[in-house]
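In case you want the letters, here they are:
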Amino acid sequence: MKINKFFTIAGSMSSIVFIITFLTVSGLTPGYEHLKQPISDLGENGAPYAELMNVVGFVIPGILIAVLGYSLRTKFSGKTLKIISVLLIIAGMGWAGIGFFPNFQDKTSAYHVMSTYLFGTSVVVATILLSREKQAWPWLRKFSIMTGLFLLTRIITGPLFLETEKYRGLVQKLYIAVFWLWIICINIFLIVKRKHYEKN
């Protein structure tokens, strides 16, 4: 019973763990500039609290996102929600991969970039699919399609932001904030509507 409750709130837990870790590490890191620097800078090799950021800020929330996906898969029936659950598991693996494969101070890790795009692509597809799920709340469907299109712009223009955007740190954090808000909405959906989707 306790395990089921943990699965149910995993999505909200993932966002809380990340936010607390990010605020703590960014506050402790000397010279970190929120407007200019991306979150990954806090976990790059050589950063003073890199291990804390990577393990608690990326790996653990990534696992929790995957748990949220697993919970959707086991509690709900319906082809669309099954696919979304798999995509959330993949997204969780991608988010955890960002922590497993941090950037170097003098160069970008290819595995870090691959993890980022694995995460982002999975989330975008999941949001678009949820926007077509008729049994989801109308506001959630609308928010999902807006989230998907918004995050898609990040995937398409990501390299451009990294090279030319003066406030790339702020821009990235805006995208991340929208993602976590969507995750919380999915978690609310799981808590409130799961009985309508249970197999038995």
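Higher on the page you've got the structure.
1. Notes on the overall build of the chain
Point 1. In terms of regular secondary structure, the chain is built from 7 helices and 0 strands.
Point 2. Going residue by residue from the N terminus, the α and β elements of the chain occur as α-α-α-α-α-α-α.
Point 3. Whereas a compact globule of 200 residues would reach a radius of gyration of roughly 16 Å, the chain reaches 17 Å, a difference of no more than 12%.
Point 4. In terms of principal-axis extent, the alpha carbons of the chain reach across some 55 × 35 × 25 Å.
Point 5. Expressed as a percentage of its 200 residues, the buried residues of the chain come to 48%.
Point 6. Pairs at least 24 residues apart make up 70% of the contacts formed inside the chain by residues separated by at least 6 positions.
Point 7. For the chain, the accessible area works out to roughly 10,500 Å², and carbon and sulfur atoms hold 67% of it.
Point 8. When the 20 positive and 9 negative side-chain charges of the chain are each reduced to one mean point, those points stand 18 Å apart.

2. A few points about the packing of aromatic side chains
Point 1. Summed over all chains, the structure comprises 14 aromatic pairs.
Point 2. A centroid spacing of 6.3 Å and a plane angle of 50 degrees characterise the contact between Phe 18 and Phe 58, whose relative ring orientation is tilted. Note that Phe 18 is positioned in helix H2 (residues 10-28) and Phe 58 in helix H3 (residues 50-75), a separation of 40 residues in sequence. Taken individually, Phe 18 and Phe 58 each receive the classification buried, so the pair is uniform in this respect.
Point 3. Aromatic ring contacts, followed pair by pair, group Phe 18, Phe 22, Phe 58, Trp 95, Phe 119, Phe 179 and Trp 180 into a single cluster.
Point 4. Looking at Lys 107, its charged tip hangs above the ring of Phe 104, at a distance of 5.5 Å from the centre.

3. A closer look at the nonpolar core
Point 1. If you look at the biggest cluster of nonpolar residues, it comprises 41 residues, and the most contacted ones within it are Phe 18, Met 53, Leu 88, Trp 95, Leu 130, Trp 180 and Trp 182.
Point 2. Within the residue set of this core, elements represented by two or more residues are H2, H3, helix H4 (79-100), helix H5 (110-130), helix H6 (138-164) and helix H7 (168-193).
Point 3. Sort the elements by how many residues they give to this core and H7 lands first, with 11 residues.
Point 4. Ignoring any residue separated from it by four or fewer positions in sequence, one finds Trp 95 in contact with Phe 18, Gly 57, Phe 58, Pro 61, Gly 62, Ile 65, Phe 119, Ile 176 and Trp 180.

4. A short note on the packing of H4 against H7
Point 1. Here H4 crosses H7 at 135 degrees, and the two axes come no closer than 14 Å. Classed by the angle they form, the pair H4 and H7 counts as oblique. The two elements H4 and H7 meet at a crossing, and its hand is left-handed. The segment H4 lies against H7, with Leu 81, Leu 88 and Trp 95 engaging Ile 176, Trp 180, Trp 182, Ile 183, Ile 186 and Phe 189.
Point 2. Split by residue class, the contact of H4 with H7 holds 9 nonpolar, no polar and no charged.

Definitions and limits used
- Residues numbered from 1 in each chain as written.
- Predicted model: local features only at pLDDT ≥ 70, side-chain atom pairs only at ≥ 80, totals over all residues.
- Heavy atoms only, no water.
- Helix = DSSP H or I, 4+ residues; strand = E, 2+ residues; numbered from the N terminus.
- Rg over C-alpha atoms; globule rule 2.2 N^0.38 Å.
- Buried < 20%, exposed > 50% of the residue type's maximum accessible area, 1.4 Å probe, protein only.
- Contact = heavy atoms within 4.5 Å.
- Areas by Shrake-Rupley, 256 points an atom, 1.4 Å probe, with all protein chains shown as cover.
- Lys, Arg positive; Asp, Glu negative; His and termini not counted.
- Charge placed at Lys NZ, Arg CZ, Asp CG, Glu CD.
- Phe/Tyr/Trp six-rings, centres within 6.5 Å; stacked < 30°, edge-to-face > 60°.
- Lys NZ or Arg CZ within 6 Å of the ring centre and 35° of its normal.
- Core = buried A, V, L, I, M, F, W, Y, C linked by side-chain atoms within 4.5 Å.
- Axes fitted to C-alpha atoms, helices over the stretch in contact; angles between N-to-C directions.
- Parallel < 35°, antiparallel > 145°, perpendicular 65-115°, else oblique.
- Left-handed = near helix turned anticlockwise from the far one by under 90°.
- Nonpolar A, V, L, I, M, F, W, Y, C, P; charged D, E, K, R; others polar.

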